[in-house]
Amino acid sequence: MIRPLLLALGIAAMPVVAAEPPTALVIHGGAGVIERASLSPEDEKTVRAELDRALDAGHAVLREGGSALDAVSAAVHVLEESPWFNAGKGAVFNADGGHELDAAIMEGHTRRAGAVAGVRTVRNPIKLARAVMEHSPHVMLAAGGAEKFADSRPEIERVAPDWFDTPHRRKQLEQAQQHERAGHAAAPGTYFGTVGAVALDKQGRIAAATSTGGMTNKRWGRIGDAPIIGAGTWADENCGVSGTGWGEFYIRSAAAHDICARVSYRGDALSAAAEEVINGIVPKLGGDGGAIALDRHGNIAMPFNTSGMYRGWVKPDGTRGTAIFK
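Parameters at a glance
- Residues numbered from 1 in each chain as written.
- Predicted model: local features only at pLDDT ≥ 70, side-chain atom pairs only at ≥ 80, totals over all residues.
- Heavy atoms only, no water.
- Helix = DSSP H or I, 4+ residues; strand = E, 2+ residues; numbered from the N terminus.
- Axes fitted to C-alpha atoms, helices over the stretch in contact; angles between N-to-C directions.
- Parallel < 35°, antiparallel > 145°, perpendicular 65-115°, else oblique.
- Contact = heavy atoms within 4.5 Å.
- Nonpolar A, V, L, I, M, F, W, Y, C, P; charged D, E, K, R; others polar.
- Disulfide = S-S within 2.5 Å.
- Buried < 20%, exposed > 50% of the residue type's maximum accessible area, 1.4 Å probe, protein only.
- Pairing = 2+ DSSP bridges.
- Polar contact = N/O pair within 3.5 Å; in protein donor to acceptor, adjacent residues only side chain to side chain.
- Salt bridge = Lys/Arg side-chain N within 4 Å of Asp/Glu carboxyl O.

Engineer: Can you walk me through the environment of Gly214 in this structure?
Structural biologist: By the secondary structure assignment, Gly214 is in the loop between β6 (206–212) and β7 (233–235). In the structure, Gly214 is positioned 96 residues away from Gly118 in sequence and 9.2 Å away in space, judged by C-alpha atoms.

Below you can see the structure in the form of structure tokens.
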């Protein structure tokens, strides 16, 4: 009624401008024993710059109308290429002095997912996880089988196993093994370190991705939560999560799925759901760590119960930031 009346009075109605659909991105570079005293100002600056590069890569995809799946792939790829995080180039050493890398990716609105575990020569495991999702009938491939599948995908770059070697990870292995020889339990921080991203695109779709080198000094082909759908990685129509922490406890609590289930089934706010799982359920079981989470409205949660968690975000209003400590 208002528009015809305005026209009758000779007053032009203002055009209705549709609101831009919200987009959002949140990333992490691992939670764990990150003490201010042990992180120099120069190192902190470098880590924040690497987080910003990952945010730039993922947000560029979203800004141009690209998919959440492409955005998380781009962000995690940057983090895998950095020696500062326990994934890809910066992967920790296992007990044999090698590397076994895990990754997973999931698209919320279709529930498609792909994962790889225990790969040794794949430069970017997140790309292989996506190839599993898009070009195989399976969800998870492991070790030699995953690498044989990689042989069939020309887009997957292979490297010599020592390409992942870095001096500070070698030192961590030596310290962990000294700790072990002294008869102690796992050294503090040996089970930390993962990278991940969760994105919301202009079509309202959510995707999540996680990549890791696993636990320092791990044995027997140990696999953590990162490549396990529902444990360290999850996305559905309402919510996406990427976890980082002591993987055994994230598996036992189905942490990533539990956060989103609370949002979808019980109507919990994202922040409340993530807080209860990461700072309630996981510690009660004996674990610790953190997570990043994002809902379909662009709300972001980044709970953790360790001394630090490398993290970054771009909110729907365009504001962005990075952080390490509380």
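Following the structure, the description resumes.
Engineer: I would appreciate a short explanation of the packing of helix α3 (residues 68–80) against helix α4 (residues 125–135) in the present structure.
Structural biologist: Where α3 contacts α4, the axes come no closer than 8 Å and their chain directions differ by 150°. When the axis of α3 is compared with that of α4, the two are roughly antiparallel. Across from Leu69, Asp70, Ser73, Val76, His77 and Glu80 in α3, the residues of α4 making contact are Pro125, Ile126, Lys127, Arg130, Met133 and Glu134. Of the residues in the contact of α3 with α4, the class split is five nonpolar, two polar and five charged.

Engineer: What's the story with the state of the cysteines in this structure? I'm lost.
Structural biologist: What makes a disulfide is a covalent bond joining the sulfur atoms belonging to two cysteines. As enumerated under the stated definition, the model contains one disulfide in all. Here Cys239 connects covalently by a disulfide to Cys260, the sulfurs 2.2 Å from one another. One quick way to see it: the torsion about the S-S bond of Cys239 and Cys260 is about -70°, and its sign makes the bridge left-handed. Taken together, the residues Cys239 in strand β8 (residues 239–245) and Cys260 in helix α8 (residues 255–266) connect sequence positions 21 residues apart. When its relative accessible area of 0% is taken as the criterion, Cys260 is described as buried.

Engineer: Just to check I follow, could you spell out α4 for this structure?
Structural biologist: Since the α-helix turns once every 3.6 residues, residues separated by three or four places project in the same direction. Summarising burial for α4: eight of the 11 residues are buried, a large majority. Inspection of α4 places Pro125, Ile126, Leu128, Ala129, Arg130, Ala131, Val132 and Met133 among the buried residues, and these make up the whole buried set.

Engineer: What's the story with the pairing of strand β9 (residues 289–295) in this structure? I'm lost.
Structural biologist: Every regular strand shows the same layout, with side chains that alternate between the two sheet faces. Among the seven residues that make up β9, seven are buried, leaving the element largely enclosed by the rest of the structure. Both β8 and β9 contribute to a ladder of seven bridges, which runs antiparallel. Looking across to β9, one finds that Cys239 is bridged to Asp295. As paired strands, β9 and strand β10 (residues 300–301) are joined by two bridges and run antiparallel to one another. Paired with Ala293 across the strands is Ala301, a residue of β10. The hairpin formed by β9 and β10 contains four residues between the paired strands, and Gly298 there has a positive phi angle of roughly 90°.

Engineer: Teacher, can you tell me more about the side chain of Ser211 here?
Structural biologist: Take Ser211: it is sitting in strand β6. Under the relative-accessibility criterion, Ser211 is labelled buried at 0%. Within the structure, Ser211 has its side chain in polar contact with the side chain of Glu80 (distance 2.6 Å). Apart from the residues lying within four places of it in its own chain, the contact partners of Ser211 are Val76, Glu80, Asn86, Ala87, Asp102, Ala103, Pro125, Thr194 and Val195.

Engineer: Could you clarify how one ought to interpret the pattern of salt bridges in this entry?
Structural biologist: Pairing between side chains of opposite charge can happen when their charged atoms approach one another. The final tally for this structure, using the stated rule, is 20 salt bridges. Two residues, Glu81 and Arg123, come together in a salt bridge whose shortest N-O distance is 2.6 Å. Separated by 42 residues along the polypeptide, Glu81 in the loop between α3 and β2 (101–107) and Arg123 in the loop between β3 (112–119) and α4 bring together distant segments of the chain. Owing to a relative accessible area of 23%, Glu81 belongs among the partly exposed residues under this scheme. Glu147 is paired through a salt bridge with Arg158; the nearest N and O atoms lie 3.1 Å apart. Separated by 11 residues along the polypeptide, Glu147 in helix α5 (residues 143–151) and Arg158 in the loop between α5 and α6 (167–181) bring together distant segments of the chain. Using a relative accessible area of 12% as the deciding quantity, one classes Glu147 as buried. For Arg158, a relative accessible area of 31% translates into the label partly exposed. Taken together, the shared-partner salt bridges in this structure form one network comprising Asp52, Asp56 and Arg320.

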